[in-house]
Amino acid sequence: MTQLIPAVNSNDHRFGNSAAPLELVEYGDYECPYCGRAYPIVKDIQRKLGSEMKFVFRNFPLSKIHAHAFSAAVATEAAGLQNKFWEMHDLIFENQNALDDENIFRFARTIGIDLERFKNDIQQKALIDKVEKDFESGLRSGVNRTPTFFINGKKYDGGWSGDQLLQYLKNQFSRDPLSQG
Amino acid sequence: MLTTRTIAPDFELNSTPDQKLRLSELSNKKVILAFYPADWSPVCDDQMTLYNEMEKYFSRHNAQLIGISVDSKWSHLAFSEYHKFHFPLLSDFEPKGAVARLYEVYDEKAGACERALYVIDEKGIIRWSYLSPVGINPGADGILNALEQLDNLKSINQ
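None of these values were measured; they are calculated from a predicted model.

**Looking at the pattern of salt bridges**
Okay, so step 1: Applying the stated criterion across every chain, the model contains 24 salt bridges over all chains.
Okay, so step 2: Residue A:Lys119 pairs with A:Glu116 through a salt bridge whose shortest N-O separation is 4.0 Å. Taken together, the residues A:Lys119 and A:Glu116, both in helix α5 (residues 115-121) and 3 residues apart, mark about one turn of the helix.
Okay, so step 3: A salt bridge links B:Lys30 to B:Glu122; the shortest N-O distance between them is 3.2 Å. Placement of B:Lys30 in strand β3 (residues 30-35) and of B:Glu122 in the loop between β8 (115-120) and β9 (126-132) is noted, with a sequence separation of 92 residues between them.
Okay, so step 4: Overlapping salt bridges bring together B:Lys30, B:Glu122, B:Asp151 and B:Lys154 as one network.

**A word on helix α3 (residues 85-94) of chain A**
Residue and element names in this part refer to chain A.
Okay, so step 1: The element α3 is extensively covered by neighbouring structure, given that 8 of its 10 residues are classed as buried.
Okay, so step 2: Inspection of α3 places Phe 85, Trp 86, Met 88, His 89, Asp 90, Leu 91, Ile 92 and Phe 93 among the buried residues, and these make up the whole buried set.
Okay, so step 3: Packing partners of the buried residues in α3 comprise β1 (13-15), α1 (33-49), β3 (53-59), α2 (69-81), α4 (101-110) and α5.

**Things to note about α4(A)**
Residue and element names in this part refer to chain A.
Okay, so step 1: Among all positions of α4, only Asn 103, Ile 104, Phe 105, Phe 107 and Ala 108 are buried.
Okay, so step 2: Structurally, α4 contributes buried residues whose contacts are with α2, α3 and α5.
Okay, so step 3: Looking at the residues trailing α4, positive phi occurs at Gly 112, about 70 degrees.

**Section: the interface of chain B and chain A**
Frequently, the measure chosen for interface size is the accessible area removed from exposure when the parts meet.
Okay, so step 1: In this assembly, 20 residues from chain B lie in contact with 16 residues from chain A.
Okay, so step 2: Roughly 1500 Å² is buried in total at the junction of chain B and chain A, and carbon and sulfur atoms are behind 51% of that figure.
Okay, so step 3: Three residues stand out in chain B for area buried against chain A, namely B:Glu53, B:Tyr57 and B:Asp141, and they jointly supply 35% of the buried area on that side.
Okay, so step 4: Along the contact surface separating chain B from chain A lie 5 salt bridges.
Okay, so step 5: Notably, a salt bridge pairs B:Arg60 with A:Glu136, separated by 3.2 Å at the nearest N-O pair.
Okay, so step 6: Linking chain B to chain A there are 10 residue pairs in polar contact (both at pLDDT 80 or more).
Okay, so step 7: If you list the elements that add at least two residues to the side of chain B that touches chain A, you get α1 (42-52), α2 (55-60) and α5 (141-157) of chain B.

**A look at the pairing of β8(B)**
Residue and element names in this part refer to chain B.
Okay, so step 1: With respect to burial, β8 is a largely interior element, 6 of its 6 residues being buried.
Okay, so step 2: What you see with β8 is no split at all: Arg 115, Leu 117 and Val 119 on one side and Ala 116, Tyr 118 and Ile 120 on the other are buried throughout.
Okay, so step 3: Bridge analysis of β3 against β8 gives 5 bridges, and the strand direction is antiparallel. Bridging from a neighbouring strand, Val 31 pairs with Ile 120 of β8.
Okay, so step 4: Two elements, β8 and β9, share 6 bridges in a ladder whose sense is antiparallel. Note that in β9 the partner of Leu 117 across the bridge is Tyr 130.
Okay, so step 5: Hairpin geometry of β8 and β9 is characterised by an intervening segment of 5 residues between the two adjacent antiparallel strands and by a positive phi of about 80 degrees at Gly 124.

Conventions adopted
Note that residues are indexed from 1 along each chain, following the sequence as it is written. Lettering of chains starts at A and numbering of ligands starts at 1, both following the order in which they are written. Note on the predicted model: pLDDT of at least 70 is required for a residue's local features to be given, and 80 or more for side-chain atom pairs to be given and counted; whole-chain, interface and lining totals, by contrast, use all residues. The side-chain figures draw on all heavy atoms in the structure; neither hydrogens nor water molecules are used. Salt bridge criterion: a side-chain nitrogen from Lys or Arg within 4 Å of a carboxyl oxygen from Asp or Glu. By definition, any uninterrupted DSSP run of H or I lasting at least four residues is a helix, any uninterrupted run of E lasting at least two residues is a strand, and each is numbered from the N terminus. Relative accessibility decides the category of a residue: with a 1.4 Å probe and only protein chains considered, values under 20% of the type maximum give buried, values over 50% give exposed, and everything between is partly exposed. Throughout, a residue-residue contact means that at least one pair of heavy atoms, one from each residue, lies within 4.5 Å. By buried area we mean the combined loss of accessible area, with a 1.4 Å probe, across both parts when two parts are placed together. Under this definition, polar contacts are N or O atom pairs within 3.5 Å; protein pairs additionally need one hydrogen-donor-capable and one acceptor-capable atom, and for neighbouring residues in sequence, both atoms have to be side-chain atoms. DSSP-based pairing: two strands are paired if at least 2 bridges between them are found.

The analysis is restricted to geometry; functional conclusions fall outside its scope.
Here's what the structure looks like:
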């Protein structure tokens, strides 16, 4: 059984209730059309499951086929330094066909981050290393396509389109003895 | 599949329309043989695209990845150019599947290679193998673990 390595930790971008019984991790590529399709589905799941689930996004840019995927990932990390990771993450997925530098800076301006600092941060080795570490953790965890999801640390091999992923998560939740207390 | 700790059978196949690659030419490197069913099929696309991103990780372990299927050298050329692959695809075309048979990963019914991985060390010895269900992309974790173990063993023996 393929396990998430390393487990979710303080280096991750986490959204939602940290004590939630369900943990959904996505390895994604900002320029990948499948991830683009999964984006509103995941949003909808977040809305529907509310405090029952936390969501974590890890970078898995396929740089050889997606020219902007890596720099987009670094841009979200740089936005994260100004506490705007999710704002940037969302804007990028909502505009994934326009990820050149000019647009990335436009997004940064839209979400109101300090542009000078952002420009400096996207060059930082620490952020590049962070994206590469995410990628490597994905390789270790058996990520074999994007998006790949992990639910409570275990690789999810089922479908995610329509409401397949939501239904699966709901079933997990109802089976989880901790949540029935 | 062939058992580990046995010698990987040598072979020579076309890597491009006018070039051939012999396994024993790579004897100073570890070699990952990735047998796969077919160019252009959905799972193979994902699998080879993933490996294409991993050049850096493989070279860290002095390893070279090679894809093998029964597709023709011309199909390989187009498939490789389309995805910008940075590793060779070998054409096990004539006699069809001969190398796959040699490595016991030929699917007679489908007339194609199975989805199988071998890791071969610098001395040409098979050190790890894995047969994946044909519809499932095995990813890279197994390969990375095998390469790492080989390097760890080497540092213990030195």
